[in-house]
Structure formats: structure tokens, C-alpha cells
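Here's the letter readout for the chains.
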Protein chains: 2
Amino acid sequence: MSILVVGSVAFDTVETPFGKAEKVLGGSASFFSVAAAFFAPVNLVGVVGTDFGEKEMAAFRGRPIDTLGLERMDGKTFHWQGKYSYDLNARDTICTDLNVFEFFKPKIPPAYRQSAFVFLGNIDPLLQRDVLEQVERPKVVACDTMNFWIKGKPEELRRTLRKVDVLLVNDAEVRQLSGEWNIVKAARAVRAMGPRTLIVKKGEHGVLMFGEESSFAAPAYPLENVFDPTGAGDTFGGGFVGYLAAAGHTGDAVLRQAVIMGSTLASFCVEAFSLDRLLCLTRAEIDERFRLFRRLTHFEDI
Amino acid sequence: MSILVVGSVAFDTVETPFGKAEKVLGGSASFFSVAAAFFAPVNLVGVVGTDFGEKEMAAFRGRPIDTLGLERMDGKTFHWQGKYSYDLNARDTICTDLNVFEFFKPKIPPAYRQSAFVFLGNIDPLLQRDVLEQVERPKVVACDTMNFWIKGKPEELRRTLRKVDVLLVNDAEVRQLSGEWNIVKAARAVRAMGPRTLIVKKGEHGVLMFGEESSFAAPAYPLENVFDPTGAGDTFGGGFVGYLAAAGHTGDAVLRQAVIMGSTLASFCVEAFSLDRLLCLTRAEIDERFRLFRRLTHFEDI
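Residues numbered from 1 in each chain as written. Chains lettered and ligands numbered in written order. Predicted model: local features only at pLDDT ≥ 70, side-chain atom pairs only at ≥ 80, totals over all residues. Heavy atoms only, no water.

This part covers the relation of the copies chain A and chain B. When chain A is fitted to chain B, the best match, at an RMSD of 0.0 Å, comes from turning it 180° and sliding it 0.0 Å along the axis. The transformation relating the two chain copies, once decomposed into turn and shift, fits a two-fold axis. Judged by C-alpha distance, histidine 205 of chain A is the residue of chain A that lies nearest the rotation axis, at 3.0 Å. Mapped onto chain B, 100% of the interface residues of chain A again fall at the interface, so both copies present the same surface. (Least-squares fit on C-alpha atoms with pLDDT ≥ 70 in both. Contact = heavy atoms within 4.5 Å.)

Structure follows, in C-alpha cells:
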């Protein structure tokens, strides 16, 4: 089944302890699309400026990613610049130039309106709802958000959450959204707002999923060389939603596998700058690491 | 097979956001022994003062815990006082009165010298080695340590580690001990110091095990009510070593189950002050939560 993703397509300038990359392809919808397209066709809605050229577009070519919905506006593409601490656990945003992204009003092409799976990237909850009004009865709506909207537009966000099936946030965000410190209580409060499945991303500490039938905990893959964490969360989202779309449903067993698939894709993403590792990744490598995750977590019953 | 444990037996005064407990039973060897005794006989070596009465000793009675090696000295029992932050993730030590523990020189009773499993609690690495010199060819030596010894007695600790099979530390300690930030590299460096198996305890984020045959990752059980984290690490150690001692070996599959058993016991420990929850715990409750851990982490192969 096909996936509609709406989010940012950007240039990132990233400095890590291991090097610096200048104006490389980034943005939530970029990472998401390339990860998801390993599993299902992706319809991409976003906006870029006139500085976004064939070199950047090449990342989406030769994959089942439709870019009809990637609008081109006069002006510059969204640019984010950040610098990571020596341990990669903290990052400072040096600048955020919204540029054309400031005026982003998602327009869903008619051909996209029957997408069965929708992923609402981290944008204004009002725009997220506007996207939902343009699509026809999607099977599953997944959604990302961030502290900026939780604090800045709580009422709009609440309204959007009522229409969401799966919410993907990090541990700080689920606490902020619920006002509860304890993660189990926080998850219950957030699920009561609408999403029947809540994914809590904890970076190097893995992922917790709170679902209708059960809870599920997955570690992050212990990597020897983490090069650049930028985009790991969005890549997780792409692997997760992509795997669900390929399965065509969100049963408990498939949700669990999808969490591992998201973690698998994210573990590759951080091995290089930008989408570099994802763009040379093969399905065989993905499946091999998925199996390593099983080896990493499996234990026998007593 | 029987387990020899050497460590602190103490009074704890603990304040959490949920209440305060004054001079209740604590100490690494206490938590360890009660947890381990669910699986195998325990020989306890420690020291208490004259203020350690029948009420405290009752915790060890009616269980396979031999207290012949629990020395009684003139003076007061080791007393630790701490206060936890609102989120239980940080704690301040308000006072540490070593009392008789300052003069602790472990004396291993002859009846204990053939213990197959040895757990060296967090004491001076010189004393840990002294314990090993008093025992006869144990099958497995497990060991805990802390930042105080890593910084204060690095050479002594290195010498002890050469004689250790399984080292249990937290993530900050493994980084400090190795001088490596990346946990995979840190684990390799620490394993090169002697321990063939390294257990990295990450509190609410679970446990990583780096072994000869494989690595293993286990989450912490997501609890709705964490009351007091004191002793969780030592209780993990007791469940872990206890399970190994019952199996009688440290094969890869048993090590993995032992990590889950340690995590299971620790998840009960934090539900109440002191050893209160462990002392009313049944084997049926333990086995049930072990199975919940399987439900929490299991996913199907693709």
C-alpha cells in the first residue's frame, strides 16, 4: 500500500566530532521517504527553493518515491545548521533558516489522495490537520511532533491527535505532552488523547511502543561508530511506516516487527552524514541487521 | 551450586518523592543475598555492629542464606543516607557513616571456601582480591565496583579484574574504566582487562551484556510505580548470579536468561522501600514477570 508523507525537505549543515558536512540533503520527509521506499511506494509532499537541484533530486530517483507533490517555490530551501557535542548526546542549533518552508501550505495532488498510509511530519498541527482534510479515508495516520508545537499550539495539537492512529515522539516530548514523568502513566495519558499506538523514541536507549494489545521494548543497535545522528528519528519513522504499509495492517506482531525495522534503518542512517548510508543501502543488508536485532534481544523461556 | 557474596550490610535512610524510610535494612550484600536465594544457597560475608538486631536478621532467616560469615563488631552498622530527585533519576548522598564497615577485613569461613560462584560486592579491590585468595577454585567470579575505586585505586582494580569472569557496572563506570565514550568500544577495552562477560547496567534503560559469544540487550520493565530505586543494581546482581548458580554454568543462553532474571528481581525491588517487596515475593510472581519480559521484547523473524 502507498504512503503519503508531508514534511520538510532541507539542506543541513552538520558538525560532529568526526567532521563537517555543508548544505547536504536533509529534512524529515527526505529521510522518511528514502527509508520507507525500501518497503512501499511513497508520495512525497514538501517544498524546496530554486537552489534545490538535480543533484539533490537524485536521492529520490530510481526508488518508488513520487515527487509530483514536491513543490518548487521562488527563494531558498529550508536550511538547518547544528553542532553535536563530543558524545553526540546533545546538539546545538546554530541557525534555522526557514526560507520557503515558512510559507509551506501542503497541497495534496489528486493522485495522492487515496494513499492508504499517511505520515504527518513535524509541522504545524494546523497544517497536519489540513493535510488530513485533503485525503480520503486513509487506513493509518502516523504523526510526529515536537516541543515547539506541544508548548506553542497545545489546543491545535490536541485536535490533530484525535485523528491520529500512531504518534511517534521522544521521551521528553511524551512527558511534556502528558505532564507525567512516569513513562507508563505518560503513555496512557497520551493514548487517551487519540493515538491508539504510541512510539517513544529514546535515541541510543531504543524504543518503547505502547499499543492496544501490548507494550513492546526494543534496544537501539549497539554501534561502534556513530557518525551523525541527524535524521535517525525520521529514518526510524520511514522504516516503521514503510514496513506497516508493506504488510497492509497494524496487527500487534507486525507493529513489533515494524519497530525493529525502523530501528534497523535508523542504525544505518547514523553511520554517515546526510542520507549517504541510506542511499547505498541494500535490502539484503537491512534483512541481515534485522536478524542481528533478533540475536541481540532473543532469550529462551524458562 | 552455592554462592559466596562479600559486601556491605547496612542501614539506609532514604527519602524519595513518595516518602521517607529511617534506618531500614540495606547494603549491597543484603539485596544481593535475598534476590540470589530464590535460586541457590547463599553464603553471606559482611560486618554489622551491635545495633544490628534480630529484626534485621529476620530478613535472612527462612531462606537458604547462611549468615555464619556475617561478623558482628563492637560499634555501629554502616549507615547511608540519601535523597532522590523528583524523577528518581538523580540522588544526593546526605551522609555515609562507614562505622564498623571501615574496618571490614573479609574472613571467609572454611565452610564457604568451596563456593562455586563468588560475588565480590563493591568494596576495595584489594579486599576483593584478598577474598579470592581465601577461596578454592570458584567456577565463576562476578564482581561489582564503582567510580570511587576506578579513580582512587586503578592499579589495584586492574589486578582484581584479571581474576574476574563477569564484571557488573553501570554505563558511566564502563566509560570511566575504559576511557572510551562509545559503549561498544568501552566494552571491548574492559573485556580485554580480564572479565570475559561484561554487564552494563543502565537503570531505567535496561542492561547490555557483552559476552564471548554474543551481545545481548534487555530493557528495564516499564513500571507505573517506581517507589525507591535503592538496591536495584545489587538485586539485579543477585537475580543474575543466582540464576547462573542454579544452572551451574555460564553458557550464552543461560547468561541471557540470567540478565532477564536479574532485571525481573530488580523490577520488584524498586516497588517498595528497603527489601520490603523482595521479602514478600514468591517464585510464582518472579516467573510470571519473567514471562512478561518475554512478551515485552519478543518479535517474529521476517
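Relative to the elements of secondary structure, aspartate 144 of chain A occurs in strand S10 (residues 140–144). Here aspartate 144 of chain A sits buried without a salt bridge, and the closest side chain of opposite charge, lysine 201 of chain A, lies 4.3 Å off (N-O distance). (Helix = DSSP H or I, 4+ residues; strand = E, 2+ residues; numbered from the N terminus. Buried < 20%, exposed > 50% of the residue type's maximum accessible area, 1.4 Å probe, protein only. Lys, Arg positive; Asp, Glu negative; His and termini not counted. Salt bridge = Lys/Arg side-chain N within 4 Å of Asp/Glu carboxyl O.)

With that settled, consider the sheet that holds strand S8 (residues 91–97) of chain B. Residue and element names in this part refer to chain B. Strand order in this open sheet of four strands is S3-S2-S7-S8, and the pairing throughout is mixed. Here the strands that pair on one side only, and so sit at the sheet edges, are strand S3 (19–26) and S8. When strand polarity is set aside, the average angle formed by the axes of neighbouring strands in this sheet is 15°. Pairing geometry for strand S2 (residues 10–16) and S3, over six bridges, is antiparallel. Opposite aspartate 12, over in S3, you have valine 24 as the bridge partner. (Pairing = 2+ DSSP bridges. Axes fitted to C-alpha atoms, helices over the stretch in contact; angles between N-to-C directions.)

This paragraph deals with the pattern of salt bridges. Any two side chains of opposite charge can pair, so long as their charged atoms come close to each other. One pass over the structure, following the stated rule, counts 32 salt bridges over all chains. Here aspartate 252 of chain A ties to arginine 295 of chain B by a salt bridge, and the two come within 3.5 Å at their closest N and O atoms. Here arginine 295 of chain B lies in helix H11 (residues 283–297) and aspartate 252 of chain A lies in helix H9 (residues 252–269), a pairing that spans two chains. The salt bridge involving glutamate 271 of chain B is made with arginine 289 of chain B; its shortest N-O contact spans 2.9 Å.

Attention now goes to the pairing of strand S11 (residues 166–170) of chain B. All names here are of chain B. Counting buried positions over the five residues of S11 gives four, a clear majority of the element. Two strands pair when backbone bridges link them, and strand S10 (residues 140–144) and S11 are joined in this way by three bridges, in the parallel orientation. Looking at S11, one finds that aspartate 144 is bridged to leucine 168. Alignment of S11 against strand S12 (residues 197–201), held across five bridges, turns out to be parallel. What sits directly across from leucine 167, in S12, is leucine 198.

The next subject is the sheet that holds strand S2 (residues 10–16) of chain A. Strand pairing in a sheet relies on backbone hydrogen bonds. The paired strands run either parallel or antiparallel. Residue and element names in this part refer to chain A. An order of S3-S2-S7-S8 is seen for the four strands of this open sheet, with the pairing classed as mixed. Whereas interior strands pair on both sides, the edge strands pair on one side only; in this sheet they are strand S3 (19–26) and strand S8 (91–97). If you compare each strand with its neighbour and ignore which way they point, the axes differ by 15° on average. Two strands pair when backbone bridges link them, and strand S7 (residues 79–84) and S8 are joined in this way by six bridges, in the antiparallel orientation. If you follow histidine 79 over to S8, its bridge partner there is aspartate 97.

The next thing to look at is H9 of chain A. Taking 1.5 Å per residue, 18 residues should reach 26 Å; H9 of chain A reaches 26 Å between its end C-alpha atoms and fits that length. Across the 18 residues of H9 of chain A, 17 count as buried, placing the element largely inside the fold. (Expected span 1.5 Å × (residues − 1).)

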